[in-house]
Amino acid sequence: MKVLITGGCGFIGSHLVDYHMNKGHSVRVVDDLSTGRIENVAHFKDNPKFRFDEADIVTWPDLESAVSWADRIYHMAAVVGVYRVIADPIQVLNTNILSCERLLRIADQSGHKPRILIASSSEVYGQGLTAAFSETDDVLIEPAAHSRWNYAISKVSNEAFGLSYAQNKGLPITSVRFFNTVGSRQSGRYGMVLPRFIEQAVSAKPITVYGDGQQSRSFCDVRDTVEALDRLANQAASVGEIVNVGNDTEISINSLAELVKEIAHSDSSITHIPYEEAYGEVFVDIQRRKPNLEKFYRLTGYQHRWALKETIQDLVDRKRANKTK
Ligand code: UDP
């Protein structure tokens, strides 16, 4: 199989590269390296089945030929991370909307129908009104003109393009709403909580909980994520659908801080920081974010292999190993 991964040097994208290369597939990556890192795929650089192009897919001249070559496309390229979303809301809209629009337009014009998975996000549920967010729930964009929602708006627009090209042009597209994916190579630079807590715990710095820490998330190991994505792509019934992808074990951010501290045997203190100080403006955090996974299980039959404790242990071990190199 020939697999094109946009944003393939990023966190989830590079795990998809590993997954497909390990299956013996041919993999082509395009990434502008704005947040992705070439080190994430460097172990394949001399492999004839791997090809990397540094480019922005909004303008990349080879996108037509790459799309025509591919049997499957994962569209992972996007501006991500709360810090980046707040810092440059216009770039979020431009990059995230235009890249998906161009990719799908070219896929349609190519006349061949590669299987396409589009990365969307649980951010589209906003504060949500249900205990576990389901694909049949309304998406929520809060009325306050807040730069944070530009990310959700860009992802809703990607989903809308995906649904429309699937329904009107017959392209085999599935959009996936990721819920707090975690694992190796995830950077804490752009806000993601778990790599930040691990770094803080291992280096005995205060663990920084934002707000009162009672907000909760459901974290999914990226190794589970990529296997589930492959199953979704192989499942014809997921074409033209939007599917939650995650793990529904919920934990508060206070408990997450405690758990990281315990697993790392860390002396770090746990400190609470007001949102304004953390994000530099009045910030609306999501209080609860948990997926309803009925559709996910029905379409993939997937059973998760990694519990959060194991993921944290793995990340602590990796962090310590890097530090002693
Ligand atoms: N968070 C935190 N300390 C940090 C970074 C994030 O307490 O150093 C909180 C953040 O405010 C949010 C949760 O952890 O409530 C998850 O944040 P992340 O940016 O990882 O994901 P998202 O908010 O997009 O679910």
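The preceding data block contains the structure.
Rules behind the numbers
Position labels on residues start from 1 in each chain and follow its written sequence. A pLDDT threshold of at least 70 governs which residues receive local features in this predicted model, and a stricter bar of 80 or more applies before side-chain atom pairs are shown or counted, although totals over entire chains, interfaces and linings include all residues. Hydrogens and water are ignored here; the side-chain numbers use all heavy atoms of the structure. Here the aromatic set is Phe, Tyr and Trp, taking the six-membered ring for Trp, and pairing holds for ring centres within 6.5 Å; pairs whose planes are under 30 degrees apart are stacked, those over 60 apart are edge-to-face, and all others are tilted. For each residue, the accessible area found with a 1.4 Å probe, counting protein chains only, is set against the maximum for its type, and the residue is called buried under 20%, exposed over 50%, and partly exposed in between. Strands are runs of DSSP state E lasting at least 2 residues, helices are runs of H or I lasting at least 4, and numbering of each runs from the N terminus. Lining residues are defined by having an atom within 4 Å of a point belonging to a cavity or pocket. Those points lie on a 1 Å grid over the protein atoms alone, cavities being sets where a 1.4 Å probe fits but cannot get out and pockets being open sets with protein on both sides within 12 Å along at least five of seven lines. Grid points are joined across faces, edges and corners, and a volume is the space filled by probe spheres set on the points. Here the nonpolar group is Ala, Val, Leu, Ile, Met, Phe, Trp, Tyr, Cys and Pro; Asp, Glu, Lys and Arg are the charged ones; every other residue, Gly included, is treated as polar. Two strands form a pair only when DSSP identifies at least two bridges running between them. Axis lines are fitted through C-alpha atoms, for helices just across the contact stretch, and the angle between N-to-C directions can take any value from 0 to 180 degrees. Only heavy atoms are used to decide nearness, and a residue is near a molecule or strand if one of them lies within 4 Å of it. In protein, a polar contact means a hydrogen-donor-capable atom and an acceptor-capable atom, both N or O and within 3.5 Å, with residues adjacent in sequence counting only if both atoms are side-chain atoms; elsewhere, any N or O pair within 3.5 Å suffices. Areas reported here follow the Shrake-Rupley algorithm with a probe of radius 1.4 Å; residue values treat only the protein chains shown as occluding. By this rule, a helix spans an expected 1.5 Å times one less than how many residues it contains. Contact between two residues is taken to exist if any of their heavy atoms lie within 4.5 Å; hydrogens are not considered.

## As for the packing of aromatic side chains
Centre-to-centre distance and the angle between the planes together describe a pair of aromatic rings.
Turning to step 1, where the next piece is worked out: Counted under the stated rule, the structure contains eight aromatic pairs.
Turning to step 2, where the next piece is worked out: Seen from their ring centres, F44 and F50 are 6.0 Å apart, and the 40° between their planes marks the pair as tilted. F50 matches F44 in its accessibility class, with the two residues each being buried.
Turning to step 3, where the next piece is worked out: Centroid distance Y83 to Y279: 5.9 Å. Interplanar angle 65°. Geometry classified as edge-to-face. Taken together, the residues span a long stretch of sequence, with Y83 in helix α3 (residues 82-87) and Y279 in helix α9 (residues 275-279) at a distance of 196 residues.
Turning to step 4, where the next piece is worked out: According to the relative accessible area criterion, Y279 is buried, its value standing at 15%.
Turning to step 5, where the next piece is worked out: Site record: aromatic cluster; members linked through ring pairs are Y83, Y210, Y275 and Y279.

## Some words on helix α6 (residues 193-202)
One full turn of an α-helix is made of 3.6 residues, so residues set three or four places apart face in the same direction.
Turning to step 1, where the next piece is worked out: Of all ten residues in α6, seven are buried; the element is thus mostly enclosed.
Turning to step 2, where the next piece is worked out: Of the residues trailing α6, A204 is marked for its positive phi of about 55°.

## A few points about the layout of surface pockets
Turning to step 1, where the next piece is worked out: Its boundaries defined by the atoms lining it, the largest pocket holds a volume of some 600 Å³.
Turning to step 2, where the next piece is worked out: Forming the boundary of the largest pocket are 24 residues, of which S184, R185, Q186, K319 and N322 lie nearest the centre.
Turning to step 3, where the next piece is worked out: Of all the secondary-structure elements, those providing two or more residues to the lining of the largest pocket are α1 (11-22), α6 and α11 (308-324).
Turning to step 4, where the next piece is worked out: The element contributing the most residues to the lining of the largest pocket is α11, with five residues.
Turning to step 5, where the next piece is worked out: Each residue belonging to the lining of the largest pocket can be placed in one class, and the counts come to five nonpolar, ten polar and nine charged.

## Quick notes on the sheet that holds strand β6 (residues 173-178)
Turning to step 1, where the next piece is worked out: If you trace the seven strands from one edge of the open sheet to the other, you get β3-β2-β1-β4-β5-β6-β11, paired in parallel fashion. Edge positions in the sheet fall to β3 (50-54) and β11 (241-245), since each has one partner strand and no second. Geometrically, the sheet is characterised by an average inter-axis angle of 20° between neighbouring strands, direction not taken into account.
Turning to step 2, where the next piece is worked out: When β6 meets β11, the two strands line up parallel, connected through five bridges. If you follow F178 over to β11, its bridge partner there is V245.

## A short note on the site of the ligand
Turning to step 1, where the next piece is worked out: Around the ligand sit 18 residues in total, of which T208, Y210, R217, D285 and R289 are the nearest.
Turning to step 2, where the next piece is worked out: With respect to the ligand, the side chain of N180 contributes an N or O atom lying 3.0 Å from an oxygen atom.
Turning to step 3, where the next piece is worked out: Coverage of the ligand by the protein chains reaches 94% of its 520 Å² of free accessible surface.
Turning to step 4, where the next piece is worked out: Those elements that provide at least two residues to the shell around the ligand are α6, β8 (207-210) and α9.
Turning to step 5, where the next piece is worked out: Grouping the constituent residues of the shell around the ligand by class yields nine nonpolar, four polar and five charged.

## Notes on helix α4 (residues 89-110)
Turning to step 1, where the next piece is worked out: End to end, α4 covers 32 Å across 22 residues, agreeing with the expected 32 Å (1.5 Å per residue, within 8%).
Turning to step 2, where the next piece is worked out: The set of residues buried in α4 consists of V92, T95, N96, S99, C100, E101, R102, L103, L104, I106 and A107.
Turning to step 3, where the next piece is worked out: At its buried positions, α4 is contacted by α2 (63-69), β4 (72-75), α3, β5 (115-121), α5 (149-169) and β6.

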